[in-house]
Amino acid sequence: MAAPGFEPGRQQELLVKLNRLIERCLRNSRCIDTESLCVVAGEKVWQIRLDLHLLNHDGNIIDAASIAGIVALCHFRRPDVSVQGQEVTVYTPEERDPVPLSIHHMPICVSFAFFQQGTYLLVDPSEREERVMDGVLVIAMNKHREICTMQSSGGIMLVKDQVLRCSKITAVKVAEITELIQKALENDEKVRKEGGKFGFAESIPNQKITTFKRESAAVDTNNVEEQAEEIITKADPPSEVVAKPILHTPGTAQIGEGIENSWGDLEESEREEAGEEEGESEATAFECQKMESADTSTTRETTDEPIVLSDSEEEEVVILEPQEVPRKTRSQTNPKQENTSKKAFNKRRRKKRAAY
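Every chain's residues receive numbers from 1 upward, in the order its sequence appears when written. Totals for whole chains, interfaces and linings use every residue, but because this is a predicted model, local features are given only for residues with pLDDT of at least 70 and side-chain atom pairs only at 80 or more, for both listing and counting. Remark: hydrogens and water are excluded; side-chain values derive from all non-hydrogen atoms of the structure.

**Thoughts on unusual backbone geometry**
How we decide: For helices the rule is a DSSP run of H or I covering at least 4 residues; for strands it is a run of E covering at least 2, with both sets numbered from the N terminus onward. Buried means the residue's accessible area, taken with a 1.4 Å probe over protein chains only, is under 20% of the maximum for its type, while exposed means over 50%, and partly exposed covers the values in between.
Positive phi, normally seen in glycine, also occurs at asparagine 60, with a value near 55°. Position of asparagine 60 relative to the elements: it lies in the loop between strand 2 (44-45) and helix 2 (61-75). Of note, glutamine 116 is a non-glycine position whose phi angle comes to about 55°, a positive value. Looking at the secondary structure, you find glutamine 116 in the loop between strand 7 (108-115) and strand 8 (120-123). A residue is classified by how much of its surface remains accessible, and glutamine 116, at 51% relative accessible area, is exposed.

Quick look at the structure:
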């Protein structure tokens, strides 16, 4: 659903790479206080699971996934718990307010695309730019300028100065994104305390996405006809005037004078190709005429001579003349053929006698 290149029911190489990178960015960086998830030491603990669903892949999916993942963890609230001896009580949101997770820092990924073996650098590449890039460098960093993870793919060799330059750009981008995330979380918490809805929750009743929601604009339609007439009068007159149909006889009519249509005019190359095709067609037609004339001459020659059909076993010949009725005559055989026929006849007679 996210992109046409993704096959349903099969995990792509990009998704495998994304899972490993997000796990290293969020889990291995220890951005969450795991000790706060413990309920009973050695027995019970909260389990946090993060699921990311891609709706539209238009490039730089790693950065978008890291921002969505850390914002979801910061926005999540777990039920409050009380422990009395061996008894554990989990309270509903109506009984007690849910408790947010303890977040130490917010690691955010920033991707850099390289072109022409590292000559050109591009931040936040799109889907088309990712197709033609030579390699990509992903740096995960928090606002304290601490690098959480780094990954380079594509088989390009980077110089030390290029990596340092990318890290400086990452620090600036991460500070800006972190400030935007904190403002959005504060506004959401403020609106929720007042009993209202904010962000995606506000768009659900309207069945619209927040980013595409716009205020309705009033359109004045009082002087539409007058404005249209002014536009028509100021506009240039048409270049050609369409003629009225001419009635020659009842049931027939002519419109215009038959102007030549320039839509289907051929270019010089197309004209040359058409001329070559016409020459080839004429040559093939000339060859076919030659073949037909040769066939007619051969048929004339063959019709003048009689056709002879002979059979060696029956020793008879049928002569077919073009104008006379066919007649049967005996052919003149050689003495050798007579001897061979007699021998064959004698052999047959011997076989019959032996059989009797």
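So, next bit.
**Considerations on a negative patch on the surface**
To keep things clear, this is the line we draw: Residues forming no salt bridge and having over 30% relative accessible area are the ones grouped into patches, like charges within 9 Å of each other and nonpolar side chains (Val, Leu, Ile, Met, Phe, Trp, Tyr) within 5 Å. Areas reported here follow the Shrake-Rupley algorithm with a probe of radius 1.4 Å; residue values treat only the protein chains shown as occluding. What counts as a salt bridge is simple: a side-chain nitrogen of Lys or Arg found within 4 Å of a carboxyl oxygen of Asp or Glu. Note on charges: Lys and Arg go in the positive column, Asp and Glu in the negative column, and His and the chain ends are not counted at all. For the purpose of locating charges, the reference atoms are NZ of Lys, CZ of Arg, CG of Asp and CD of Glu.
Judged by side-chain charge, Glu272, Glu273, Glu276, Glu277, Glu278, Glu280 and Glu282 come together as a negatively charged surface patch. Inspection of the secondary structure assignment puts glutamate 273 in helix 7 (residues 268-304).

**Looking at the sheet that holds strand 10 (residues 147-153)**
Stated formally: Pairing between strands requires that DSSP locate at least two bridges from one strand to the other. Think of each axis as a best-fit line through the C-alpha atoms, taken over the contacting stretch in the case of a helix, with angles from 0 to 180 degrees between the N-to-C directions. Any two residues whose heavy atoms approach within 4.5 Å at even a single point are treated as in contact.
Strand order across the open sheet formed by four strands is 8-7-9-10, with antiparallel pairing between neighbours. Strands with a single pairing partner mark the edges of an open sheet, and in this sheet they are strand 8 and strand 10. The average angle at which neighbouring strand axes cross in this sheet is 20°, direction not considered. Sheet topology places strand 9 (residues 135-141) next to strand 10; six bridges connect them, and they run antiparallel. Each bridged residue has a counterpart across the sheet, and for isoleucine 139 the counterpart in strand 10 is methionine 150. Of the strands in this sheet, strand 7 and strand 9 are in contact with helix 2, which crosses strand 7 at around 175°. Its contacts with the sheet put helix 4 (residues 160-193) on strand 7, strand 8, strand 9 and strand 10, and the angle it makes with strand 7 is roughly 140°.

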